[in-house]
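Spelled out from the first residue to the last, the chains are:
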Amino acid sequence: MVDYHASNSQASSGGPANYMDPREQENDWDRDLLLDPAWEKQQRKTFTAWCNSHLRKAGTQIENIEEDFRDGLKLMLLLEVISGERLPKPERGKMRVHKINNVNKALDYIAGKGVKLVSIGAEEIVDGNAKMTLGMIWTIILRFAIQDISVEETSAKEGLLLWCQRKTAPYKNVNVQNFHISWKDGLAFNALIHRHRPELIDYDKLRKDDPLTNLNNAFEVAEKYLDIPKMMDAEDIVNTARPDEKAIMTYVSSFYHAFSGAQKAETAANRICKVLAVNQENEHLMEDYEKLASDLLDWIRRTIPWLENRAPEKTMAEMQQKLEDFRGYRRVHKPPKVQEKCQLEINFNTLQTKLRLSNRPAFMPSEGRMVSDINGSWHNLEGAEKGYEEWMLNEIRRLERLDHLAEKFRQKATIHESWTDGKEAMLTQKDYETASLSEVKALLRKHEAFESDLAAHQDRVEQIAAIAQELNELDYYDSPSVNARCQKICEQWDALGSLTQSRRESLERTEKQLESIDELYLEYAKRAAPFNNWMEGAMEDLQDMFIVHNIEEIQGLITAHEQFKSTLPEANKEREAIQAIQAEVQKIAQYNGIKLSGGNPYTTITPKSIDNKWDKVEQLVPQRDQALQEELAKQQSNDHLRRKFATQANIVGPWIQTKMEEIGRISIEMNGTLEDQLVNLREYEQSIIEYKPNIDQLEGDHQLIQEALIFDNKYTAYTMEHLRVGWEQLLTTIARTINEIENQILTRDAKGISQEQLHEYRTSFNHFDKKGNSGGTKKWTRLDHSGGLMAEEFKACLISLGYDVENNKTGDAEFARIMGIVDPNNSGVVTFQAFIDFMSRETTDTDTADQVIASFKILAADKNFIMAEELRRELPPDQAEYCIARMAPYSGPDAKPGALDYMSFSTALYGESDL
């Protein structure tokens, strides 16, 4: 399309326009009046087509050139379209004076552009003078279509002729010397089209002796593919000895403007393609980041509820399975997510670097998907992990304690129920009513022995109740059955107490009437009962389950057992003394010829039961010895596991700390080029990865410790959780350091920064980076430098580099501007990458929104909007559709259906408004 705005702006700005000399125009016009009137037909058709090519932009056209311009309305509209300027408001009246005034406004506008109108007045135009009207149109064409053409400082006409000669020089049978007979055979028109659009014409098939075909071919192709209307008839040119020069010049000037604009459009299209390609790539990176961040956050959100589930299990086996599932999560599911998190941070840093290098605004992820949000979620995940593991270990201890207490409850309850079996029947019998005095006394003594036995069993009943209470407090899953059994025992015990008291009262009432109690039997019963209770207690203690967690506790049990064994000789003497009493009874009875009717009337404890229980005690003692020794061996094995883990942990822990410090020194010392640093860091990373078997060995030792239910380790301050965090932080730190060097290389190559400049930037940055890590908790740290400059540190660094940011009004404003560039998120810290981006962008040139707007304006033929078909014609298909999908409809006063707003689209590319 012809760029009329460009020519008009040059003239209106007062610059040196290549105007035609007015006297030359007048002489040229006078000479034309002397020619054959055939010129009028050609000019009328050509000038009419030329005017309509512009009026159609305003949605109108003319049919008769001398008639349709008589009222001046379409004449003023034509001038507004080709100049892009507003003329004074026309008069809408139908009277002759109104028409003359409108034409005069148009002629005044033309004269205001420095054009002298000779012998052309408003009255002639209003009267429909064809020659004057054509002369006026030719003046307009000269001023707005031809006069801006200049080649090598020539005049407009000479410049247009020189342009045609250069473009057609390589073509045979074409010799352009003028704007009349040189164009009669049509080859020159076809040569111009073929020179710029060779795919539209097969020039080799054209024949010089067939001018009609040549001319019609050129006119049709120009109208169909170049948007140049057909302004002449081939027959008029061929049948005229000398075609009209003005018509030819008018038509040829349309080719000049069409093809001169093509080069501008190509340049503009290339610039837009470049900008759009960068934007599309960045959008793909943003979409990848959003997806990876969303997937990682979804995984964390799904995992945390599982880790926060505190539903207790009923049995030890079920809880052990939960612990095994947790170990599987640690070994299998979490490590890939650690890698994804690290890769996500690397991708985010790379994307931000590319955005800075392409002069785009920093990428702000969707709400909740910032790197800080992911780190926060990850911190919550690790907190949930720690709490879940501690809860499981506590649950295992609780279930272990519950199993021990439940078994102890069952043993004591069984022993007690065995003892109470038949006691109610014994206490309720009425045997004393028919017994003799001696038998009553015996029954009374027997009852006293039973009371002693009952008192001895009081402690066991209290122990049973206490164990049942503890099982309830620890939420034992089978508490209802335990409570029912305990309730039954307690109720039975209360009944035994009442029955015992009632029987004693009955025996004491009849004791006064009966005598004759065998003192030996009584002494036997009194001594046998406590001894029997002692043996039962000893058997119970020897069979009692025990649980210990370290060597000291088992050694304490062994010491207590040895003390118990030391009392056995004295107990054996007591047994022999009790058996001697029974032997004495037998001896006296035999000596005196007394026939014993039964056993000892005062007790049910027989010598045989005492011997049997004594034999049982002697059998249980070595069994207890063996159990204690086996537990001692187990605790010694556990202590070996503790020492083994501690030995390796005390090596791995300092090693991780040392590597963290070395990474910090490497990132500060800057030995060698960036590529050398990158190679060294990757080799260093490989050496760290090769250390992984030591971590795996520790994991194996830690698993053995957990399987052995070991909950403490006095030989080391390191826990497996602490070492895992250190190892993961070490891998993340080296990966971040490598990514920082890669981004520096990317910045250096994109901005053309030399190695010496980077070294100078790093030296200045490190000099002012004096803020160290601090805190009250133990952390894995690198060096004392933080890796970022606070605002005051950054200001000092700028001053050292020559920037005027002193504490004054001007300096504060400049420093605020710079901080807005290097710290767009107002974090208060300037990273080294942001620092070198700022230093490099001060000296490099990048695309701007204004450049892109200017490029779109060229494609749009200087309109304030652009049509979809124009984008598809000038841009590659994918980028044309990309623009069409994102451009908002144009809503300006000159809007057309389907018009698109390229200005807001261009500013959105650079973050000045939302796309």
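Analysis parameters
- Residues numbered from 1 in each chain as written.
- Predicted model: local features only at pLDDT ≥ 70, side-chain atom pairs only at ≥ 80, totals over all residues.
- Heavy atoms only, no water.
- Helix = DSSP H or I, 4+ residues; strand = E, 2+ residues; numbered from the N terminus.
- Buried < 20%, exposed > 50% of the residue type's maximum accessible area, 1.4 Å probe, protein only.
- Contact = heavy atoms within 4.5 Å.
- Areas by Shrake-Rupley, 256 points an atom, 1.4 Å probe, with all protein chains shown as cover.
- Axes fitted to C-alpha atoms, helices over the stretch in contact; angles between N-to-C directions.
- Parallel < 35°, antiparallel > 145°, perpendicular 65-115°, else oblique.
- Left-handed = near helix turned anticlockwise from the far one by under 90°.
- Nonpolar A, V, L, I, M, F, W, Y, C, P; charged D, E, K, R; others polar.
- pLDDT = per-residue confidence, 0-100.
- Polar contact = N/O pair within 3.5 Å; in protein donor to acceptor, adjacent residues only side chain to side chain.
- Phe/Tyr/Trp six-rings, centres within 6.5 Å; stacked < 30°, edge-to-face > 60°.
- Lys NZ or Arg CZ within 6 Å of the ring centre and 35° of its normal.
- Expected span 1.5 Å × (residues − 1).
- Arc of directions from axis to C-beta.
- Core = buried A, V, L, I, M, F, W, Y, C linked by side-chain atoms within 4.5 Å.

### Focus: the overall build of the protein
- From N to C terminus, the protein includes 33 helices and 4 strands.
- Sorting the 915 residues of the protein into buried and exposed places 46% on the buried side.
- Expressed as a percentage of contacts within the protein between residues at least 6 apart in sequence, the contacts between residues at least 24 apart total 75%.
- Only carbon and sulfur atoms are counted for the fraction: they give 50% of the accessible area of the protein, which is about 45,700 Å².

### Considerations on the packing of helix 27 (residues 791-800) against helix 28 (residues 809-822)
- Taken N-terminus to C-terminus, the directions of helix 27 and helix 28 make an angle of 110°; their axes are 11 Å apart at the nearest point. By the angle class used here, helix 27 and helix 28 are roughly perpendicular. Remark: the crossing between helix 27 and helix 28 carries right-handed chirality. Along its contact with helix 27, which presents Ala-791, Phe-794, Lys-795 and Leu-798, the element helix 28 presents Asp-812, Phe-815, Ile-818, Met-819 and Val-822.
- Classifying every residue of the contact of helix 27 with helix 28 gives 7 nonpolar, no polar and 2 charged.

### As for unusual backbone geometry
- In this structure, Leu-709 is a non-glycine residue whose phi angle is positive, near 60°.
- Relative to the helices and strands, Leu-709 is located in the loop between helix 24 (692-707) and helix 25 (720-751).
- Even without a glycine there, the phi angle at Ala-861 is positive, about 60°.
- Position of Ala-861 among the secondary structure elements: in the loop between helix 30 (849-859) and helix 31 (868-874).

### As for the side chain of Glu-290
- Along the polypeptide, Glu-290 turns up in helix 13 (residues 245-307).
- Setting aside anything within four residues of it in sequence, one finds Glu-290 in contact with Phe-363, Pro-365, Ser-366 and Arg-369.

### Let's talk about the confidence of the model for the protein
- Confidence in the prediction for the protein averages 80 pLDDT; 88% of positions are at 70 or higher.
- In the model of the protein, helix 1 (residues 4-12) stands out as the element of lowest mean pLDDT, 32, in contrast to helix 10 (residues 187-196), which has the highest, 92.
- Segment residues 1-35: pLDDT under 50, and 59 contacts once partners within four positions in sequence are set aside and those in other chains are kept.
- Segment residues 771-785 is flagged for pLDDT under 50; beyond a separation of four residues in sequence, or across chains, it makes 39 contacts in the model.

### Topic: the environment of Lys-857
- Of note, Lys-857 is situated in helix 30.
- Apart from residues no more than four positions distant in its own chain, Lys-857 is found in contact with Asp-862, Lys-863, Asn-864 and Tyr-902.
- At a separation of 3.4 Å, a polar atom in the side chain of Lys-857 contacts the side chain of Asn-864.

### Remarks on the packing of aromatic side chains
- A complete count under the given rule lists 30 aromatic pairs for this structure.
- On the basis of an interplanar angle of 40° and a centroid distance of 6.2 Å, the ring pair of Phe-189 and Phe-255 is categorised as tilted. Placement of Phe-189 in helix 10 and of Phe-255 in helix 13 is noted, with a sequence separation of 66 residues between them. Neither Phe-189 nor Phe-255 differs from the other in exposure class; each is buried.
- With a centroid separation of 5.3 Å and 35° between ring planes, the pair formed by Phe-865 and Tyr-890 is classed as tilted. Linking Phe-865 in the loop between helix 30 and helix 31 with Tyr-890 in the loop between strand 3 (888-889) and strand 4 (900-901), this pair joins segments that are 25 residues apart in sequence. Just as Phe-865 is buried, Tyr-890 falls in that class too.
- Counting every residue linked through ring pairs, the aromatic cluster contains Phe-179, Trp-183, Phe-189, Phe-219, Tyr-251, Phe-255 and Phe-259.
- One cation-aromatic arrangement involves Lys-423 over Trp-419; the distance from NZ or CZ to the ring centre is 4.9 Å.
- Positioned over the ring face of Phe-815 is Lys-795, at 4.8 Å from the centre of the ring.

### So, helix 20 (residues 551-566)
- With 16 residues, helix 20 should cover 22 Å at 1.5 Å per step; its first-to-last C-alpha distance of 23 Å lies within 8% of that length.
- Ile-551, Ile-554, Ile-558, His-561 and Phe-564 are the residues of helix 20 that are buried. For helix 20, the angular spread of buried residues about the axis comes to 145°, placing them on one side. Facing away from the buried side of helix 20 by over 90 degrees, the exposed positions are Gln-563 and Ser-566.
- For helix 20, the N-terminal capping position is held by Asn-550, with its side-chain oxygen 3.2 Å away from the main-chain nitrogen of Glu-552.

### A closer look at the nonpolar core
- Ranked by size, the top nonpolar core spans 78 residues in total, and within it Ile-140, Trp-183, Phe-189 and Phe-255 carry the most contacts.
- Beyond its immediate stretch of four places on either side in the chain, Ile-140 contacts Trp-50, Leu-75, Leu-79, Ile-82, Ile-110 and Ala-145.
- Grouped together as the second largest cluster of nonpolar side chains are 48 residues, Leu-641, Leu-674, Val-805 and Phe-815 included.

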